[in-house]
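Structure at a glance
Residue-level listing of the chains:
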Amino acid sequence: MASTQEPASAPMPAEAAVLVLQGGGALGAYQAGVFEALAASGHEPSWVAGISIGAINAALIAGNPPERRLAALRAFWEQASSRLPFPSPFADGWGRRLFNEGAAGVVAMTGIPGFFTPRLTPPWLALPGSAEATSLYDTAPLRETLLELVDFDLLNNGPMRFSVGAVNVLSGNFTYFDNRERLIGPEHIMASGALPPGFPAVMIDGEPYWDGGIVSNTPLQYVLDTRDGTSPLLVFQVDLFSARGMMPRSLSEAMQREKDIRFSSRTRLNTDLQTRLEAMTSAAARLALRLPEELRNDPDLMELTSHACDWPVTILHLINRSETFESHSKDYEFSRGTVEGHWASGRSDVERSLASPRWKQRQIHDCGIVTLDLA
């Protein structure tokens, strides 16, 4: 007697983990804490994409074998915070804010070891068109740090995909440097973090590039646009600036709030636009089923429905929340205590998110995008 059972559907492939890292200077220590907790929980990414400080953290991860990634991150952040290795005598309040402002002032005057140093010649006295005339700091130390802490052979030829974004100074166009398309060197990472007027443009193939955060401070859209479509994605989106905040009460708080909004806004925009796009293509696919057979092969309809139900994407949103003692200088406040605090916050947010019942009980959906903010 013939079986009436329907054939079992093929099991869904395992989710591919992607780590998406915003720019944000000293706040990038939060991303290191996120990575530490993700690695400890077995969520090592197969793809890292970053902008600015996120590009540096991404290179430290992709350019080291698994057993050395955390050590490379620690080496960079300990060196970056070595100018002020002592903690603040104040835990919170105005005393802590004054300490942080002073620490940021030290960075502005003296630079960051292994990252950037102030120029000896003031820009207004330098030769027009030179790096000295167009930037306040020299980032040559960062190149040496990258060569020391990143194995570029592994970064280019290893199993992990690596992508960083920068802006062409001449055209204003956004560009991604991806190790699946070209060889990556220190200059590509430095270009992604070349924020003017602090840092000089970086020349790549005869073209000057600035920090990708000028156009978009998150590489999320690039990840969604260039995914290979062979498996579901689990995206850990790590933002260093929070879109939500309080009404400012002072000029310093107003400057901080402006910076938060400017550098955080595109994450929600990207996910909202992608969700609406997938809803429209799914609607087109449903409509196609109701059309006469002779219309279903129309090229315009096929274009509309070609991505109607791609592999699903789950985005776990991890956001560095502002502290009451922080100000507009928080992205260049590199004191050791503050850096360690950002690192601990990133680790804690991952641990809290992965312990959430909503995470533990989640089901991988069939298609589309689901965004979770559990911390």
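Residues numbered from 1 in each chain as written. Predicted model: local features only at pLDDT ≥ 70, side-chain atom pairs only at ≥ 80, totals over all residues. Heavy atoms only, no water.

Another point: the overall build of the chain. Looking only at helices and strands, the chain has 13 helices and 11 strands in total. Taking 21 Å as the expected radius of gyration for a compact globule of 375 residues, we find that the chain reaches 23 Å, a close match to that expectation. The dimensions of the chain, computed from C-alpha atoms along their principal axes, are 85 × 45 × 45 Å. When the 375 residues of the chain are sorted by exposure, 50% land in the buried category. Put simply, the chain shows about 18,100 Å² of open surface, and 59% of that area lies on carbon and sulfur atoms. Positive and negative charge centroids in the chain, built from 31 and 43 side chains respectively, lie 6 Å apart. (Helix = DSSP H or I, 4+ residues; strand = E, 2+ residues; numbered from the N terminus. Rg over C-alpha atoms; globule rule 2.2 N^0.38 Å. Buried < 20%, exposed > 50% of the residue type's maximum accessible area, 1.4 Å probe, protein only. Areas by Shrake-Rupley, 256 points an atom, 1.4 Å probe, with all protein chains shown as cover. Lys, Arg positive; Asp, Glu negative; His and termini not counted. Charge placed at Lys NZ, Arg CZ, Asp CG, Glu CD.)

Within the UniProt annotation, "short sequence motif: GXGXXG" (unreviewed entry) is assigned to residues 23-28. Structurally, residues 23-28 is divided into 0% helix and 0% strand, and its ends, taken at the C-alpha atoms, are 7 Å apart. (UniProt positions renumbered as here; feature names shortened; annotations may be inferred.)

Here we take up helix α1 (residues 29-40). With 12 residues, α1 should reach 16 Å at 1.5 Å per residue; the first-to-last C-alpha distance of 17 Å fits that figure. Of the positions making up α1, those classed as buried are A29, Y30, Q31, A32, G33, V34, F35, E36, A37 and L38. Just past α1, the residue G42 takes up positive phi, approximately 85°. (Expected span 1.5 Å × (residues − 1).)

Scanning all chains against the criterion turns up 14 aromatic pairs. Look at F115 and F334: their rings are 6.3 Å apart centre to centre, the planes differ by 90°, and that puts the pair in the edge-to-face class. On the criterion of sequence distance, the pair formed by F115 in the loop between α4 (93-110) and β3 (117-118) and F334 in the loop between β10 (313-319) and α12 (336-355) is long-range, its members being 219 residues apart. Residue class for F115 comes out buried when judged on its relative accessible area of 8%. On the accessibility criterion, F334 (4% relative accessible area) is buried. Note on F116 and Y137: the rings are 4.9 Å apart at their centroids and 65° apart in plane angle, and the pair reads as edge-to-face. (Phe/Tyr/Trp six-rings, centres within 6.5 Å; stacked < 30°, edge-to-face > 60°.)

It is at 11 Å that the axes of helix α3 (residues 66-80) and α12 come closest, and there the two elements cross at 150°. With respect to α12, the element α3 is oriented roughly antiparallel. Residues L70, L73, R74, W77 and E78 of α3 form the contact with α12, whose participating residues are R336, V339 and W343. Broken down by class, the residue content of the contact of α3 with α12 amounts to five nonpolar, no polar and three charged. (Axes fitted to C-alpha atoms, helices over the stretch in contact; angles between N-to-C directions. Parallel < 35°, antiparallel > 145°, perpendicular 65-115°, else oblique. Contact = heavy atoms within 4.5 Å. Nonpolar A, V, L, I, M, F, W, Y, C, P; charged D, E, K, R; others polar.)

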